[in-house]
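Coordinate inspection notes
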Amino acid sequence: MAKAKSAFVCTECGAEYRKWQGQCTSCREWNTLSEVRLAPTRPGASAAAGSPGRGGYAGALTRDVVDLGQVDLSEVPRLSSTFAEFDRVLGGGLVPGSAVLLGGHPGAGKSTLLLQTACKLAQGRGVLYVTGEESLTQVAMRAHRLQLPTQGLKMLAETSVETVLAVAERERPEILIIDSIQTMHLEDIASAPGGVAQVRESAAVLTRFAKQSNTVLLLVGHVTKDGSLAGPKVLEHMIDASLLLEGGADSRFRTLRGQKNRFGAVNELGVFAMLEHGLKEVKNPSAIFLSRPEEQAPGSLVMVVWEGTRPILVEVQALLDDSPLGNPRRVAVGLDANRLAMLLAVLHRHGGLFTGDQDVFLNVVGGVKVLETSADLAVLLAVVSSLQSRPLPRELVVFGEVGLSGEIRPVPSGQERIVEAAKHGFTRAIVPRANVPKRAPDGMEVVAVDKLADALEAL
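Before going into details, it helps to say that this report is about the structure given with it. (Residues numbered from 1 in each chain as written. Predicted model: local features only at pLDDT ≥ 70, side-chain atom pairs only at ≥ 80, totals over all residues. Heavy atoms only, no water.)

Bringing the overall build of the protein chain into the picture now. Tallying secondary structure elements over the protein chain gives 11 helices and 21 strands in all. Each of the 459 residues in the protein chain was classed as buried or not, and the buried ones make up 48%. Here the analysis covers contacts within the protein chain between residues at least 6 apart in sequence; of these, 67% occur between residues at least 24 apart. Accessible surface, the protein chain as shown: approximately 22100 Å² in total, 51% of it carbon and sulfur. (Helix = DSSP H or I, 4+ residues; strand = E, 2+ residues; numbered from the N terminus. Buried < 20%, exposed > 50% of the residue type's maximum accessible area, 1.4 Å probe, protein only. Contact = heavy atoms within 4.5 Å. Areas by Shrake-Rupley, 256 points an atom, 1.4 Å probe, with all protein chains shown as cover.)

Time to look at the sheet that holds strand 5 (residues 127–131). With respect to topology, nine strands assemble into an open sheet ordered 6-5-7-8-4-9-10-11-12, the strand pairing being mixed. Edge positions in the sheet fall to strand 6 (154–157) and strand 12 (278–281), since each of these pairs with one other strand and no more. Averaged over neighbouring strand pairs, the angle between their axes works out to 25° when direction is ignored. This element, helix 2 (residues 110–121), spans strand 4 (99–104), strand 5, strand 7 (175–179), strand 8 (216–222), strand 9 (241–246), strand 10 (253–261), strand 11 (269–275) and strand 12 of the sheet and lies at about 155° to strand 5. Docked against the sheet, helix 5 (residues 196–213) engages strand 4, strand 7 and strand 8, running at close to 160° with respect to strand 8. (Pairing = 2+ DSSP bridges. Axes fitted to C-alpha atoms, helices over the stretch in contact; angles between N-to-C directions.)

The next thing to look at is unusual backbone geometry. A cis geometry characterises the amide bond from Asp179 onward to Ser180, with omega recorded as 5°. With respect to the element layout, Ser180 can be found in the loop between strand 7 and helix 5. The backbone of Asn31 shows a phi angle near 55°, a positive value even though the residue is not glycine. Relative to the elements of secondary structure, Asn31 occurs in the loop between strand 2 (16–17) and strand 3 (33–38). Of note, Arg172 is a non-glycine position whose phi angle comes to about 50°, a positive value. Inspection of the secondary structure assignment puts Arg172 in the loop between helix 4 (161–171) and strand 7.

Here the focus is the environment of Leu347. Along the polypeptide, Leu347 turns up in helix 8 (residues 337–351). We classify Leu347 as buried; its relative accessible area is 0%. Taking the C-alpha atoms as reference points, Leu347 and Gly406, separated by 59 residues in sequence, lie 7.9 Å from one another. Not counting chain neighbours up to four residues away, the residues in contact with Leu347 comprise Gly352, Leu353, Thr355, Leu380, Val383, Val384, Leu452 and Leu456.

Turning to the side chain of Glu268, a few remarks are in order. Relative to the elements of secondary structure, Glu268 occurs in the loop between strand 10 and strand 11. The buried charged residue Glu268 lacks any salt bridge, with Arg88 as its nearest oppositely charged partner at 4.1 Å. If we skip the residues at most four places from it in the chain, Glu268 touches Arg88, Val89, Leu256, Arg257, Gly258, Glu307, Gly308, Thr309 and Arg310. (Lys, Arg positive; Asp, Glu negative; His and termini not counted. Salt bridge = Lys/Arg side-chain N within 4 Å of Asp/Glu carboxyl O.)

Using the criterion set out here, one finds one aromatic pair in the structure. An angle of 80° between the planes, with centres 5.9 Å apart, marks the rings of Phe83 and Phe272 as edge-to-face. One end of the pair, Phe83, is in the loop between strand 3 and helix 1 (84–90); the other, Phe272, is in strand 11, with 189 residues separating them in the sequence. Comparing Phe83 with Phe272 shows no difference in burial state: the two are buried. The ring of Phe253 has Arg252 lying over it, and the distance from NZ or CZ to the ring centre is 5.1 Å. The ring centre of Phe399 lies 5.7 Å from the NZ or CZ of Arg417, which sits over that ring. (Phe/Tyr/Trp six-rings, centres within 6.5 Å; stacked < 30°, edge-to-face > 60°. Lys NZ or Arg CZ within 6 Å of the ring centre and 35° of its normal.)

A few words on the packing of helix 4 against helix 5. Relative orientation of the contacting elements helix 4 and helix 5 amounts to 10°, with a least axis distance of 11 Å. One finds that helix 4 runs roughly parallel with respect to helix 5. Judged by residue contacts, Val161, Leu165, Ala168 and Glu169 of helix 4 engage Ser202, Val205, Leu206 and Phe209 from helix 5. Taken together, the residues that form the contact of helix 4 with helix 5 break down as six nonpolar, one polar and one charged. (Parallel < 35°, antiparallel > 145°, perpendicular 65-115°, else oblique. Nonpolar A, V, L, I, M, F, W, Y, C, P; charged D, E, K, R; others polar.)

Structure below.
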């Protein structure tokens, strides 16, 4: 009997070591090494289809060398997921032979979204839905509650990767859904499902099968407390697309964001609404983020952010209050708190407004997380509005990056942002001078600014 071997694998970067040590020398993280048992090498195991051995994540190996200029550049056909927002995040649809990982917190709607997609696709294509967390009765009850068409969808309740591959070889589905990858396990790996070795090897075997059979593989993955995908980091490297479904239990809206995509743009955003009959796509996200009261309050301002390939209008709210503390609080929801502190320093130095004795609270309405710097100018003007208790006009929209010397820097796709604001009835825009279009939309007044002082004067 072959002796079982073990190794120590870093859960952050996937680096392997022969013995335990406190720090991973690859990613410099501490206490991230965990012991995994490796399967003994079997003769011929690497040649077997679906076995975790030689073959790589990209499919079958070949000894032929191909000139790059001779590669066929014909566009790969895509399969529609029946959701326009889902297709947008994927870059146009599902690519045959691709592996897509869908992550999210419990209750975000991962299984609901994939079940709706599977039931609709099964009406014209071969779909195999493998559930490892729920029984077939539970899945059928959810499909009945969501009023989904259930005829044609092939289901399998299994956690063994070998069994799943055997069934997939027999059924030959176009789309294979695994819910979830943390419940899958290989018989040769002597560790519990969900461990580093099981998740890594199970995903590798399933991905290899998808590449070789030209099957669309959809994996459901859990996330940790900090919002990152559970399991080894190498899991995100071997897949083609990594999507994150976000949304709290107290919100009816869900956002689907692409974190990695080999077939489309990164940071693309799709918006869904959780209703009684499942997830429904929101075709005009700006409309739901702009539901403001009739009476305009100080500290409220609309900005235009760029998400993937489209502009979205969102409202930012600022609240300033006298602080009883020696170190006033700086709280930002949906924005970077460190950048907020930097912008307040720029406002004091180049705008002449002191906020060192004020608690500053900032919030982006709708639960949107703004990751770009085009929100800088809108944040500062909202802070000034709250500080002076002066409401800003409802028809005003603002965007622009603020530099440390007080200059207003241009942002990408400025003209598209102005056009989007004009479509929603905004008549005045304060933008960087380099983003002023040659011809403004009808009814839109565009105010160009170079310095922070110019923007404060334009208010």
